[in-house]
Amino acid sequence: MNTKEILEIGDQYLMRNVGRIALAPVRGEGALLWDADGNEYLDFVSGIAVNSLGHCHPAVVDAITRQAKELIHCSNLYYIEPQALLAKMLVEQSGLGKAFFCNSGAEANEAAIKLARKHAKLKHSPEKVEIVTAWQSFHGRTLATITATGQTKYQKGFEPLPGGFKYVPFNDLDAMEQAVSATTCAVMLEPVQGEGGVNVASRYYLEGVKMLCWENGALLIYDEVQTGIGRTGRFLAYQHYGVEPDILTLAKALGGGFPIGAMLATNKVAEAFQPGDHASTFGGNPLACAAALAALEEIIAGGVIENAAAVGVYMQDKLRKLAEKYDYVKEVRGLGLLLGVELAIDGGGIVNRCREKGLLINCVNGNVLRFIPPLTISRQDVDRALWLLEEVMDSIKE
Ligand SMILES: *Cc1c(COP(=O)(O)O)cnc(C)c1O
């Protein structure tokens, strides 16, 4: 089928729950993507920070193919070898104690919220239920996670929302001090807010939040669904800060493109979940775990995180130099290969023109261009992307 045919069927039969772009990708390899009409794109969206090894990495394809021939699904009634091995690997890499597996970021955060509530009920009091999150955060699309998300646009129309959530401005320690009290069960933060505009937490902030949590018997939850698995140039973004969480969530890049989410917790906190407290039919199935194991082995041992750190600095420097040319650029920011360019104008036009030239980027918060290429991206591909971006930005200037 060509693009027009795919769009026609999609428009007739798919719910309009997302604003779709008129592009139908059919094949990918590394940082390249091809649509149904044979057009080629340099992909700096990566399925929204999912394809960290690029499209269809051979190690992930092999692992999925091999596992699919052995066992695809069997249920968490039983022990699953790749799941046990994946838990071991994530625990060793994260400094936390135990893992739970699910299928998405929202489910990982939902599990984190449930664990934090259960922990507070067992270890403290039934009134200790409040979860503090940041404005501009993004934690997912289930009812509890849109409520945790500090952006009213995701909540509107879905009321009544679950109770017990409170919001504070990000990176504002005074506001956090006002918000956290004896009734706070947890604080949930992204070390770098992704969907909210690529906002990087300061070390001072995370250190202060950790202290407030400690003083008030509250847990610190990091949502590393977007920042985790090497995206920021460390395995986990929090490792840049050295401020350890009690609970940490992962998804997006974890499966090398295959859907899987994880919620990790310290041994002490994990004890709050007893048999029967939480589960998922598909969570941690053999196929997803085999894909994740292969992706992690490649990311950890293959020099991928080091590349993300080095090329991330290179790209951020180049973006800064580029930004100087345009008075409509307000700020360049980010960590590793999670980069944002905040504009004084709407970013949608630039995104569309880049796509017409064969470069995929996206825009968050209306005016922040976001760059999330594969972590394996080369300097040459970054040069090519920025050259295309410059052409587009020049045309806006004129
Ligand atoms: C994408 C994202 C989520 C939601 O993940 P889904 O897999 O879409 O449910 C949660 N938190 C953060 C920080 C994200 O970037």
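Residues numbered from 1 in each chain as written. Predicted model: local features only at pLDDT ≥ 70, side-chain atom pairs only at ≥ 80, totals over all residues. Heavy atoms only, no water.

**Digging into the overall build of the chain**
Right, so step 1: Across its full length, the chain holds 13 helices and 17 strands.
Right, so step 2: Against the compact-globule benchmark of 21 Å for 398 residues, the chain has a radius of gyration of 21 Å, which places it among compact chains.
Right, so step 3: Each of the 398 residues in the chain was classed as buried or not, and the buried ones make up 53%.
Right, so step 4: Taking as baseline every contact in the chain between residues at least 6 positions apart, the subset at least 24 positions apart corresponds to 71%. (Helix = DSSP H or I, 4+ residues; strand = E, 2+ residues; numbered from the N terminus. Rg over C-alpha atoms; globule rule 2.2 N^0.38 Å. Buried < 20%, exposed > 50% of the residue type's maximum accessible area, 1.4 Å probe, protein only. Contact = heavy atoms within 4.5 Å.)

**Quick look at the pairing of strand β12 (residues 261-265)**
If a strand is regular, its side chains alternate between the two faces of the sheet.
Right, so step 1: With five of its five residues buried, β12 lies for the most part within the structure.
Right, so step 2: With burial as the criterion, each face of β12 is covered, one bearing Gly261, Met263 and Ala265 and the other bearing Ala262 and Leu264.
Right, so step 3: Two strands pair when backbone bridges link them, and strand β4 (residues 98-102) and β12 are joined in this way by five bridges, in the antiparallel orientation. Bridge assignment links Phe101 to a residue of β12, and that residue is Ala262. (Pairing = 2+ DSSP bridges.)

**Quick look at the sheet that holds strand β3 (residues 40-43)**
Through backbone hydrogen bonds, the strands of a sheet pair up, either in parallel or in antiparallel fashion.
Right, so step 1: An order of β1-β2-β3-β15 is seen for the four strands of this open sheet, with the pairing classed as mixed. Only two strands of the sheet have a single neighbouring strand rather than two, namely β1 (25-29) and β15 (359-360).
Right, so step 2: Of the pairings in the sheet, the one linking strand β2 (residues 32-35) to β3 comprises three bridges and is antiparallel in character. Bridging across to β3, Leu33 finds its partner in Tyr41.

**With respect to helix α4 (residues 81-94)**
Right, so step 1: In a regular helix each residue adds 1.5 Å, so 14 residues correspond to 20 Å; α4 covers 20 Å between its end C-alpha atoms and thus fits that length.
Right, so step 2: By the burial criterion, the buried members of α4 are Pro82, Gln83, Leu86, Ala87, Met89, Leu90 and Ser94. What you see down the axis of α4 is that its buried residues fit within an arc of 165 degrees, all on one side. In this structure, α4 carries Glu81 and Glu92 as exposed residues pointing more than 90 degrees from its buried face.
Right, so step 3: Turning to α4, the residues buried within the fold contact α3 (58-70), β4, β11 (247-250), β12 and α10 (286-301). (Expected span 1.5 Å × (residues − 1). Arc of directions from axis to C-beta.)

**Things to note about the packing of aromatic side chains**
Right, so step 1: Scanning the entire structure with this criterion turns up five aromatic pairs.
Right, so step 2: Ring plane angle 70 degrees and centroid distance 5.8 Å describe the contact between Phe170 and Tyr205, whose orientation is recorded as edge-to-face. Highlighted residues: Phe170 in the loop between β6 (165-168) and α7 (173-179) and Tyr205 in helix α8 (residues 203-216), separated in sequence by 35 residues. The two residues Phe170 and Tyr205 agree in class, both being buried.
Right, so step 3: Between the NZ or CZ atom of Arg379 and the centre of the ring of Tyr314, over which it lies, the distance is 5.3 Å. (Phe/Tyr/Trp six-rings, centres within 6.5 Å; stacked < 30°, edge-to-face > 60°. Lys NZ or Arg CZ within 6 Å of the ring centre and 35° of its normal.)

**Re the sheet that holds β6**
Right, so step 1: If you walk across this open sheet you meet the seven strands as β4-β12-β11-β10-β7-β5-β6, and the pairing is mixed. This sheet does not close on itself; its edge strands, each paired only once, are β4 and β6. This sheet shows a mean twist of 20 degrees between the axes of neighbouring strands, independent of strand direction.
Right, so step 2: Strand direction decides the pairing type here: strand β7 (residues 184-189) and strand β10 (residues 219-223), joined by four bridges, are parallel. Counted as the bridge partner of Met188 is Ile221 from β10.
Right, so step 3: Packed on one face of the sheet, α8 meets β6, β7 and β10 and runs near 165 degrees to β7. (Axes fitted to C-alpha atoms, helices over the stretch in contact; angles between N-to-C directions.)

**Some thoughts on the side chain of Ser46**
Right, so step 1: Residue placement: Ser46 occurs in helix α2 (residues 46-49).
Right, so step 2: Taking the relative accessible area as the measure of exposure, Ser46 reaches 1% and is therefore buried.

**A few points about the site of the ligand**
Right, so step 1: Taken together, Ser104, Gly105, Ala106, Asn109, Phe138, His139, Gly140, Glu190, Asp223, Val225, Gln226 and Lys252 make up the full set of residues adjacent to the ligand.
Right, so step 2: The contact in question runs from an oxygen atom of the ligand to an N or O atom on the backbone of Gly105, over 2.8 Å.
Right, so step 3: The side chain of Lys252 places a nitrogen or oxygen atom 2.6 Å from an oxygen atom of the ligand.
Right, so step 4: With three residues, helix α5 (residues 105-123) is the largest single contributor of residues to the shell around the ligand. (Near = heavy atom within 4 Å. Polar contact = N/O pair within 3.5 Å; in protein donor to acceptor, adjacent residues only side chain to side chain.)

**Notes on the environment of Met211**
Right, so step 1: With respect to the helices and strands, Met211 occurs in helix α8.
Right, so step 2: Expressed as a C-alpha distance, the spacing of Met211 and Leu236, which sit 25 residues apart in the sequence, is 20 Å.

**What about the pattern of salt bridges?**
Right, so step 1: In the structure shown here, the tally under the stated rule is 13 salt bridges.
Right, so step 2: As a salt-bridge pair, Asp383 and Lys318 come within 2.9 Å of each other at their nearest N and O atoms. With Asp383 in helix α13 (residues 379-397) and Lys318 in helix α11 (residues 304-323), this pair connects stretches of sequence that are 65 residues apart.
Right, so step 3: Using a relative accessible area of 28% as the deciding quantity, one classes Asp383 as partly exposed.
Right, so step 4: When its relative accessible area of 31% is taken as the criterion, Lys318 is described as partly exposed.
Right, so step 5: Linking Glu390 and Lys325 is a salt bridge whose minimum nitrogen-to-oxygen distance equals 2.6 Å. Taken together, the residues span a long stretch of sequence, with Glu390 in helix α13 and Lys325 in the loop between α11 and β13 (329-335) at a distance of 65 residues.
Right, so step 6: Look at the salt bridges and you will find they share partners, linking Lys330, Glu331, Arg333 and Glu342 into a network. (Salt bridge = Lys/Arg side-chain N within 4 Å of Asp/Glu carboxyl O.)

Such coordinate-based values are descriptive only and should not be taken to indicate function.
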